[in-house]
Amino acid sequence: MTATKARIAAAVRGVRISHAIVRRGLLAGLIEAEECYGRTSSELLSFSLFGRSAYLALDPRDIGLVLHDTVSFQRDELFLKAFRDLLGFNAVSVGSEEWQVVRQRTLRFLTGKNLDGYSRIMTGVLEQRMIPEWRRKSRDGQPVDVFHDLLEYSSRVVFAAFLNVPPEDVPPHLHGMLNEMFDHVRRRVFSFVNLPIWIPTAQNRRFRELRTAVYEFIESRIAHSRGTGSMLETLVDVHSTGGRVDRQRLLEEMLGNLIGGSETTIILMLWTLYYLAAAPELQDRLYAEIAAGGPEPARNPRSLLYRCIIEALRVRSPSYVAVREAVRPVQVRGVKIIAGSHVFASQFITHNDVRVWSDPQRFDPDRFLRRLPRTASDYTDFFPFGAGRNICTGQAYAFQEAVTAVSTLIRRFRFAPAAAFDPAVRAELTLRPARQVVMRIEERPASDTARLGPAMEVPPPVAVRR
Ligand code: HEM
């Protein structure tokens, strides 16, 4: 093909893909990009997006290069701006000068001893609130709206853990608020006309209402945080000078962490339980493992519980795209990328790519007995938490929360989808199920559950770089 023809072809693809992104969202646009190339190419796919050149990395070697080369590729300002506009400065949106410091302190609160404390909160919330309620529903033959109930679990846990509040003191009106705020960020990321937050549109007003409610709750806990060693106490300390607290910075950083600890983890637990509900034999195998093993299976990446969660992270990764901007001209395996280009790598596309995973749509935790995911810098075929310098700081927390919930719930109940199983997705800021997930639950006989050991502790699934 001549150079002119190639340019025309790229422009036509650009129009198709930009149109798909505007009409149907980023993921649909990237899938369209893949389709434009006929789903056979494993090169870096090029197109133009709103006048800028853009690429989709499909080959795990390219994904590895892009996510690990932080000199040439940085997180894309286009997307960070929406976070910053609404949520201010937090561990995701902070500028590069402060990033390392903020990242380190966030990590400290999401690993090690702190995580052990959160694990007790997680178990307590399940045992005291969710399980009694589900028992009642199971006896009455009522189905459960799993997203709704996991939302309450996750919200109670994250407020209790990060602000050091007894879980029962987390006001119910806060449940759902973190997710609703996350949804506002999503709308901003994918919309072209974003009015400043102070302009009183209905959406801006609602966002400010939510933020005020969460800020008020955080502020109400500051006086109680003294001497607790909690995340809140630490943030009060680091944002204080000469006895004066920089409330704005404190509230923004705290809010960012609270939001980080909610939506994505709920989606992970939801998909894991949903796939298990659709596979009764697998569910029974998992129950048998939990019944026989106590804490050991979850410590072991070869355990079925561990593999079920990893497999859910593969097939329906809550985070479905990583976006980078080339900050200088660079070559990726022979393809010249000019500075200012957007580069995308999609967990959803790569984790479900037949060129990378066999029978990728099948929920098959045993695939991880045969083949471990590779996340080395030169080959990234599995990156639910990203990869490289900006790898998720919350992965151990997310994994702990999912392991605790799935093991505790599977040991008490049998799950079945209330309607036909439907793995279709709705790509918002996270990858949600397209339709509401409602399940029928049946309580397991008490004699079965009595033999089981205590709650489980887990290592993070992908090594955290410090
Ligand atoms: C299943 C749950 C989760 C998933 C799938 C997930 C996914 C991700 C991904 C893919 C990234 C990298 C983004 C990029 O490279 O552009 C990321 C970064 C991040 N995540 Fe998570 N996350 C989860 C849970 C959490 C939790 C629980 C927290 C905190 C409480 C958290 C806080 C963060 C932060 C602060 C970053 C930015 C790190 C940096 O840039 O240094 N995440 N997450």
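Residues numbered from 1 in each chain as written. Predicted model: local features only at pLDDT ≥ 70, side-chain atom pairs only at ≥ 80, totals over all residues. Heavy atoms only, no water.

Description of the sheet that holds strand β11 (residues 413–417)
To keep it simple, the criterion reads: In this analysis, strands are considered paired if DSSP registers two or more bridges between them. Helix and strand definitions here come from DSSP, where helices need a minimum of 4 consecutive H or I residues and strands a minimum of 2 consecutive E residues; each element is numbered from the N-terminal end. Contact between two residues is taken to exist if any of their heavy atoms lie within 4.5 Å; hydrogens are not considered. Axis definition: a line fitted to C-alpha atoms, limited for helices to the stretch in contact. Angles are taken between N-to-C directions and run from 0 to 180 degrees.
One open sheet accounts for three strands, arranged β4-β14-β11; its pairing is antiparallel. Each edge of the sheet is formed by a strand with only one pairing partner; in this case those strands are β4 (144–145) and β11. Pairing of β4 with strand β14 (residues 438–443) involves two bridges; the strand directions are antiparallel. Across the sheet, residue Asp145 finds its bridge partner in β14, namely Val438. Along the sheet, helix α6 (residues 112–140) contacts β4, β11 and β14; its crossing angle with β14, the most-contacted strand, is approximately 90 degrees. Each of β11 and β14 touches helix α12 (residues 263–277); the most contacted strand, β11, lies at about 85 degrees to it.

Some remarks on empty space enclosed by the protein
As a reminder, the rule being used: Points on a 1 Å grid, built from protein atoms alone, make a cavity when a 1.4 Å probe fits but cannot get out and make a pocket when they are open with protein on both sides within 12 Å along at least 5 of 7 lines; residues with an atom within 4 Å of a point are the lining residues. Grid points are joined across faces, edges and corners, and a volume is the space filled by probe spheres set on the points.
Applying the stated rule across the entire model yields two cavities of 30 Å³ or more. Estimates place the volume of the largest cavity at around 1,300 Å³. As for the largest cavity, its lining consists of 50 residues, and the residues nearest its centre are Phe83, Val92, Thr264, Ser319 and Cys392. Mapped by element, the contributors of at least two residues to the lining of the largest cavity are α4 (77–87), α5 (96–108), α8 (177–189), α11 (247–260), α12, β7 (322–326) and α18 (395–412).

Considerations on the site of the ligand
For clarity, the threshold we go by: Being near a molecule or strand, for a residue, means having at least one of its heavy atoms within 4 Å of it. Counted as a polar contact is a pair of N or O atoms within 3.5 Å, where, for protein atoms, one must be capable of donating a hydrogen and the other of accepting one, and residues adjacent in sequence contribute only when both atoms are in side chains. Put plainly, a molecule is in a cavity or pocket when over half of its atoms are within 2 Å of the grid points there. When residues are grouped by polarity, Ala, Val, Leu, Ile, Met, Phe, Trp, Tyr, Cys and Pro land in nonpolar, Asp, Glu, Lys and Arg in charged, and all others, Gly among them, in polar.
Of all residues adjacent to the ligand, which total 26 residues, the nearest are Trp99, Arg103, Arg324, Asn390 and Cys392. Side-chain polar atom of Arg103 to an oxygen atom of the ligand: 2.6 Å apart, as the coordinates give it. Placement of the ligand is best described as lying within the largest cavity. Secondary structure elements with two or more residues in the shell around the ligand: α5, α11, α12 and α18. Ranked by residue count, the leading element in the shell around the ligand is α12, at three residues. Here the residues of the shell around the ligand sort into 12 nonpolar, 11 polar and three charged.

Considerations on the packing of helix α13 (residues 280–293) against helix α15 (residues 304–315)
For clarity, the cut-off: By definition in this entry, angles of less than 35 degrees are roughly parallel, angles greater than 145 are roughly antiparallel, angles of 65 to 115 are roughly perpendicular, and the rest are oblique.
Running from N to C, α13 and α15 point in directions that differ by 135 degrees, and their axes come no closer than 9 Å. In terms of orientation, α13 and α15 fall into the oblique class. Of the residues in α15, those in contact with Leu282, Arg285, Leu286 and Glu289 of α13 are Leu304, Leu305, Arg307 and Cys308. When the residues that make up the contact of α13 with α15 are grouped by side-chain class, the tally is five nonpolar, no polar and three charged.

Looking at the packing of aromatic side chains
Test applied: Pairing of aromatic side chains requires ring centres within 6.5 Å, counting the rings of Phe and Tyr and the six-membered ring of Trp. Pairs whose planes differ by under 30 degrees are stacked, by over 60 edge-to-face, and all others tilted. Categorising residues by exposure relies on relative accessible area from a 1.4 Å probe, with only protein chains included: less than 20% of the type maximum marks a residue as buried, more than 50% marks it as exposed, and the intermediate range marks it as partly exposed. Placement of a charge over a ring requires the Lys NZ or Arg CZ to be within 6 Å of the ring centre, with the centre-to-atom vector within 35 degrees of the ring normal.
Counted under the stated rule, the structure contains 16 aromatic pairs. Aromatic pair Tyr275 and Phe363: ring centres 4.7 Å apart, planes at 10 degrees, arrangement stacked. You can see Tyr275 sitting in helix α12 and its partner Phe363 sitting in the loop between α16 (347–351) and α17 (367–370), a full 88 residues away along the chain. This pair shows no difference in class: Tyr275 is buried, exactly as Phe363 is. Here the aromatic cluster, defined as three or more aromatic residues joined through ring pairs, consists of Trp271, Tyr274, Tyr275, Phe363 and Phe421. Positioned above the aromatic ring of Trp271, the side-chain terminus of Arg316 is 5.6 Å from the ring centre.

Describing the environment of Asn352
Relative to the assigned elements, Asn352 resides in the loop between α16 and α17. For the pair Asn352 and Thr2, spaced 350 residues apart in sequence, the C-alpha to C-alpha distance is 33 Å.

A word on the pattern of salt bridges
Two side chains that carry opposite charge are able to pair once their charged atoms sit near each other. The condition is simple: Salt bridges are identified by distance alone: a Lys or Arg side-chain nitrogen within 4 Å of an Asp or Glu carboxyl oxygen.
Taken as a whole and judged by the stated rule, the model has 40 salt bridges. Here Arg24 makes a salt bridge to Glu32, at a shortest N to O gap of 3.0 Å. For Glu32, a relative accessible area of 13% gives the class buried. A salt bridge links Lys137 to Asp149; the nearest nitrogen and oxygen atoms lie 4.0 Å apart. Of this pair, Lys137 sits in helix α6 while Asp149 sits in helix α7 (residues 146–163), placing them 12 residues apart in sequence. Since its relative accessible area comes to 13%, Lys137 is described here as buried.

Describing the domain arrangement of the chain
Applicable threshold: Segmentation of the chain into domains, including their bounds, is taken from an automatic or database domain assignment. Joining two parts hides part of their accessible area as seen by a 1.4 Å probe, and the buried area is that hidden amount summed over both.
Parsing the chain into structural domains produces domain 1 (3–71 + 320–370) and domain 2 (103–317 + 384–450). Relative placement of domain 1 and domain 2: their C-alpha centres are 29 Å apart. Of the residues lining the interface, 24 residues belong to domain 1; the matching set on domain 2 comes to 29 residues. With both chains or domains summed, domain 1 and domain 2 bury close to 2,300 Å², and 64% of this area falls on carbon and sulfur atoms. Taken together, the connections running from domain 1 to domain 2 amount to three salt bridges. The shortest N-O distance in the salt bridge between Arg285 and Asp366 comes to 3.1 Å. Where domain 1 touches domain 2, the interface holds 12 residue pairs in polar contact (both at pLDDT 80 or more). For the side of domain 1 that touches domain 2, the elements supplying multiple residues, two or more each, are α2 (26–36), α3 (60–68), α16 and α17. Class assignment of the residues belonging to the side of domain 1 that touches domain 2 gives a composition of 13 nonpolar, six polar and five charged.

Some details on the nonpolar core
Stated formally: The nonpolar core is taken to be a set of buried Ala, Val, Leu, Ile, Met, Phe, Trp, Tyr and Cys residues, with the residues joined through side-chain atoms within 4.5 Å.
Counting 122 residues, the largest nonpolar core has Tyr153, Phe159, Phe162, Val214, Phe344 and Phe415 as its most contacted members. Two domains each put at least three residues into this core: domain 1 (3–71 + 320–370) and domain 2 (103–317 + 384–450). Setting aside anything within four residues of it in sequence, one finds Phe415 in contact with Trp134, Leu273, Ala277, Gln283, Leu409, Ile410, Met439, Arg440 and Ile441. Core analysis: the next-biggest nonpolar cluster, separate from the first, contains 16 residues, Tyr55, Leu67, Phe73 and Val332 among them.

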